[in-house]
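Structural description and commentary
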Protein chains: 2
Amino acid sequence: FKHDAFIDQAPPNPAYARRARELCDQTGALLIVDDVRAGLRMARDCSWSLLGIEPDLSTWGKCIANGHPISALLGAEKARSAAASIYVTGSFWYQAAPMAAALETLRLVRDTDYLERIEALGDRLATGLVERAAAAGFGLRCSGPTQMPLYLFDDDPDLRKGFCWVSQMLARGVYMHPWHNMFICAAMTDADIDQALDAADGAFAALKQQAPGLAPVEKLAFLSAGQR
Amino acid sequence: FKHDAFIDQAPPNPAYARRARELCDQTGALLIVDDVRAGLRMARDCSWSLLGIEPDLSTWGKCIANGHPISALLGAEKARSAAASIYVTGSFWYQAAPMAAALETLRLVRDTDYLERIEALGDRLATGLVERAAAAGFGLRCSGPTQMPLYLFDDDPDLRKGFCWVSQMLARGVYMHPWHNMFICAAMTDADIDQALDAADGAFAALKQQAPGLAPVEKLAFLSAGQR
């Protein structure tokens with residue numbers, strides 16, 4: 001799905017995905033899905049499996065070894081012989097720890113309810129934050145899947161409200177990001193969400209006080225200049 | 001220096017290096033040295049420091065963290081502002097272990113005689129192997145710095161002798177490579193070199209027996225077809 005920084009995330013358009021698959025099949029092109037962020041976080045499979053569309057290649061990293069440095073290119077059978085004909089080499093790919101971490105992560109993906117848990121935690125966080133924002137008079141949008149959320153404020157074109165709010169959250173022990181999507185981790189618990197929501201009460205109150213006098217965030221000046 | 005696979009390694013030509021520096025200075029281009037393999041193995045600095053030529057950028061990896069997964073781009077002051085204007089991001093670059101390993105490796109580079117030791121070990125291995133090869137009737141060439149050697153046999157265009165010999169070395173507990181350069185490690189000792197030389201006696205004897213009947217190595221057929 002679309003997860004650019006600075007703007008609302010957007011789910012993939014099913015008609016677009018189907019048409020991409022059709023066009024690839026008609027022309028013999030390979031359909032490639034970048035699942036570096038979304039893989040295993042939307043489904044126990046490729047994120048486009050939710051749309052019923054199977055790519056020919058998909059790219060993986062990050063969570064497949066729970067943060068250990070490893071990445072992978074998965075491919076359909078029809079791409080195998082071409083891939084096998086490409087000579088590649090690397091300095092670090094015999095590292096044992098990332099391989100072991102990936103195997104264990106994939107075991108947990110298969111055997112546990114991690115996905116349902118991060119979805120439930122993400123839903124609680126999103127619902128709670130949006131409610132608290134509204135109670136303080138702010139429109140806060142959660143875009144994207146709640147387990148991989150991006151939070152942006154309404155009427156905040158240069159993100160100065162967002163920056164102020166995450167600073168206030170940080171001062172209360174909760175690290176949020178003002179313009180990048182975030183990731184609910186399967187190691188989190190309801191207590192972590194409670195802590196974030198408690199912090200949010202104070203952070204929204206502080207934002208309400210400071211909002212009228214907020215200056216633009218210098219390093220984000222390009223946003224209001226229209227360079228996205 | 002030139003360290004392609006399959007062919008003798010070659011030291012950099014000093015005139016070539018000087019002229020490259022001159023041309024870059026005249027045109028304003030950046031001179032870039034790939035030190036992923038040779039860095040810290042030829043000198044305690046960039047490998048071209050032996051030639052007295054300083055690059056503007058140099059690329060590093062592998063040994064800078066003694067095998068932990070980290071790489072670096074080093075640059076001269078004049079490249080700093082341009083580099084700082086490029087937005088880059090990565091999944092794994094906050095990994096603490098490779099950073100700590102790199103710091104400790106660089107400390108050892110500064111404080112120990114690792115370089116003189118790997119040079120001395122490499123010289124002993126090269127001299128001993130070439131002598132033993134000659135005694136068995138083979139011409140064995142060590143090209144490149146002896147701490148980063150490539151061993152190739154004379155009259156062995158498709159490397160079948162090399163493959164046979166490294167297989168015999170492996171059967172005797174010593175893992176050598178038939179067509180890629182290798183790296184003497186600072187953790188090695190004279191006893192490791194002795195073990196390799198002892199194994200080489202038997203391996204050259206076995207090669208002498210088998211050489212007349214050796215078949216081509218199938219996966220290296222492209223070498224005799226002239227595709228290098």
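The residue count restarts for each chain, going from 1 along the sequence in the order it is written. Ligands are numbered from 1 and chains lettered from A, in the order in which they are written. Only residues with pLDDT of 70 or above have their local features reported here, since the model is predicted, and side-chain atom pairs are shown and tallied only from 80 upward, although totals for entire chains, interfaces and linings are computed over all residues. For the side-chain quantities, the full set of heavy atoms in the structure was used; hydrogens and water were omitted.

Our focus in this paragraph is the relation of the copies chain B and chain A. The copies are overlaid by a least-squares fit using only the C-alpha atoms of residues whose pLDDT is at least 70 in both copies. Between chain B and chain A, which share one sequence, the superposing operator has a rotation angle of 180 degrees and an axial displacement of 0.0 Å; the RMSD is 0.0 Å. Both chain copies can therefore be described as sitting about a two-fold axis. Among all residues of chain B, the minimum C-alpha distance to the rotation axis is found for Pro69(B), at 3.9 Å. A shared binding surface is used by both copies, with 100% of the interface residues of chain B retained as interface residues in chain A. By definition in these notes, contact holds between two residues if any of their heavy atoms fall within 4.5 Å.

So, about the sheet that holds strand β2 (residues 57-60) of chain A. Residue and element names in this part refer to chain A. The strand order β1-β2-β3 describes an open sheet built from three strands, whose pairing is mixed. Among the strands making up the open sheet, the edge pair consists of β1 (32-34) and β3 (72-75). Between one strand axis and the next, the sheet turns through 20 degrees on average, direction left out of account. As defined by bridge partners, β2 adjoins β3 across four bridges and the pair is classed as antiparallel. Opposite Thr59, over in β3, you have Leu73 as the bridge partner. Following DSSP output, two strands are said to pair if at least two bridges run between them. Helix and strand assignments come from DSSP, with helices taken as H or I runs of at least 4 residues and strands as E runs of at least 2, each series counted from the N terminus. Under this scheme, a helix contributes an axis fitted over its contacting stretch, all axes are lines through C-alpha atoms, and angles between N-to-C directions fall in the 0 to 180 degree range.

All names here are of chain A. Between its first and last C-alpha atoms helix α1 (residues 14-27) spans 20 Å; for 14 residues at 1.5 Å apiece the expected length is 20 Å, and the two agree. N or O atoms within 3.5 Å of each other form a polar contact, as long as, within protein, one can give a hydrogen and the other can take it, and as long as residues adjacent in sequence are counted only when both atoms are side-chain atoms. The distance from a side-chain oxygen at the start of α1 to the backbone nitrogen of Ala15 is 2.8 Å, and the residue carrying that oxygen is Asn13. Residue Gly28 follows α1 closely and has a positive phi angle near 85 degrees. Expected helix span is computed as 1.5 Å times (number of residues minus one).

What follows covers the packing of aromatic side chains. All names here are of chain A. A pair of aromatic rings is counted whenever rings of Phe, Tyr or Trp (Trp by its six-membered ring) have centres within 6.5 Å, and the orientation is called stacked for planes under 30 degrees apart, edge-to-face for over 60 and tilted otherwise. Applying the stated criterion across every chain yields a total of twelve aromatic pairs over all chains. Ring centres of Phe6 and Phe222 lie 5.4 Å apart, and the angle between their planes is 80 degrees; on these two criteria the pair is classed as edge-to-face. Taken together, the residues Phe6 in the segment before α1 and Phe222 in helix α7 (residues 221-224) connect sequence positions 216 residues apart. Partly exposed residues are those whose accessible area sits between 20% and 50% of the maximum for their type, while under 20% is buried and over 50% is exposed, using a 1.4 Å probe and protein chains only. Classification of Phe222 as partly exposed rests on a relative accessible area of 27%. An aromatic cluster of at least three residues, connected via ring pairs, comprises Phe138, Phe153, Trp165 and Phe204.

What follows is about the domain arrangement of chain A. Residue and element names in this part refer to chain A. When cut into domains, chain A gives domain 1 (14-111) and domain 2 (114-224). Segmentation into domains, and thus their bounds, comes from an automatic or database assignment. For domain 1 versus domain 2, the separation of C-alpha centres amounts to 30 Å. Contact with domain 1, which involves nine residues of that partner, is made by eleven residues of domain 2. Where domain 1 abuts domain 2, roughly 880 Å² becomes buried across the two surfaces, and 57% of that area is made up of carbon and sulfur atoms. Take the accessible area each of two parts loses on contact, using a 1.4 Å probe, and add the two losses: that sum is the buried area.

On to the pairing of strand β4 (residues 140-143) of chain B. All names here are of chain B. As paired strands, β4 and strand β5 (residues 150-153) are joined by four bridges and run antiparallel to one another. Bridging across to β5, Arg141 finds its partner in Leu152. Taking the residues that link successive antiparallel strands as the turn, the β4-β5 hairpin has six residues, and the phi of Gly144 there is positive, at about 85 degrees.

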